[in-house]
Amino acid sequence: MAKKYSSKINKIRTFALSLVFIGFIIMYVGIFFQKHPIVMTLFMILGLLAIIGSTVVYFWIGMLSTKALQVECPNCGKPTKILGRVDMCMHCREPLTVDPELEGKEFDESYNRKK
Ligand SMILES: [Zn+2]
């Protein structure tokens, strides 16, 4: 089965969003431990940490977005951003590369790790 790829920025965004939900779930679980204030506080702190973490991740996406190369997707014509040597269009998942050497080759995320 072929691996499914998605744009890196979208991936990080999904991660940040799920972190917010995880944070709220942890805090919600804490409510069930009302008779044990220490356990409840622990859950609240953990939940808060997850939410703070997602804020940090969101901030990081913002930093990455400013550094990412903005291009117009040749497939759907919408503007998208490329991180690293190869990335995917945020709209249509068309593989894109900034390296002419890799043009026409099959999309492989491992290209990002090579020097
Ligand atoms: Zn596209």
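What counts as what
Residues numbered from 1 in each chain as written. Predicted model: local features only at pLDDT ≥ 70, side-chain atom pairs only at ≥ 80, totals over all residues. UniProt positions renumbered as here; feature names shortened; annotations may be inferred. Helix = DSSP H or I, 4+ residues; strand = E, 2+ residues; numbered from the N terminus. Domains from an automatic or database assignment. Contact = placed C-beta atoms within 7 Å. Nonpolar A, V, L, I, M, F, W, Y, C, P; charged D, E, K, R; others polar. Axes fitted to C-alpha atoms, helices over the stretch in contact; angles between N-to-C directions. Parallel < 35°, antiparallel > 145°, perpendicular 65-115°, else oblique. Left-handed = near helix turned anticlockwise from the far one by under 90°.

Moving on, we come to the UniProt feature "transmembrane region" (unreviewed entry) in the protein chain. Those residues carrying the UniProt feature "transmembrane region" (unreviewed entry) are residues 12-33 and 39-61 in this numbering. The span residues 12-33 is 91% helix and 0% strand, and its two end C-alpha atoms sit 32 Å from each other. Along residues 39-61, the helical share is 100% and the strand share 0%, with 33 Å between the first and last C-alpha atoms.

So, on to the domain arrangement of the protein chain. By the assigned domains, the protein chain splits into domain 1 (1-67) and domain 2 (69-115). On the side of domain 2, nine residues touch domain 1, which itself brings eight residues to the contact. When the residues that make up the side of domain 1 that touches domain 2 are grouped by side-chain class, the tally is three nonpolar, four polar and one charged.

Turning our attention to the packing of helix α1 (residues 8-31) against helix α2 (residues 37-67). At their nearest, the axes of α1 and α2 sit 7 Å apart, and the two run at 165 degrees to each other. Classed by the angle they form, the pair α1 and α2 counts as roughly antiparallel. For the crossing formed where α1 meets α2, the hand is left-handed. The class makeup of the residues in the contact of α1 with α2 is 22 nonpolar, six polar and one charged.

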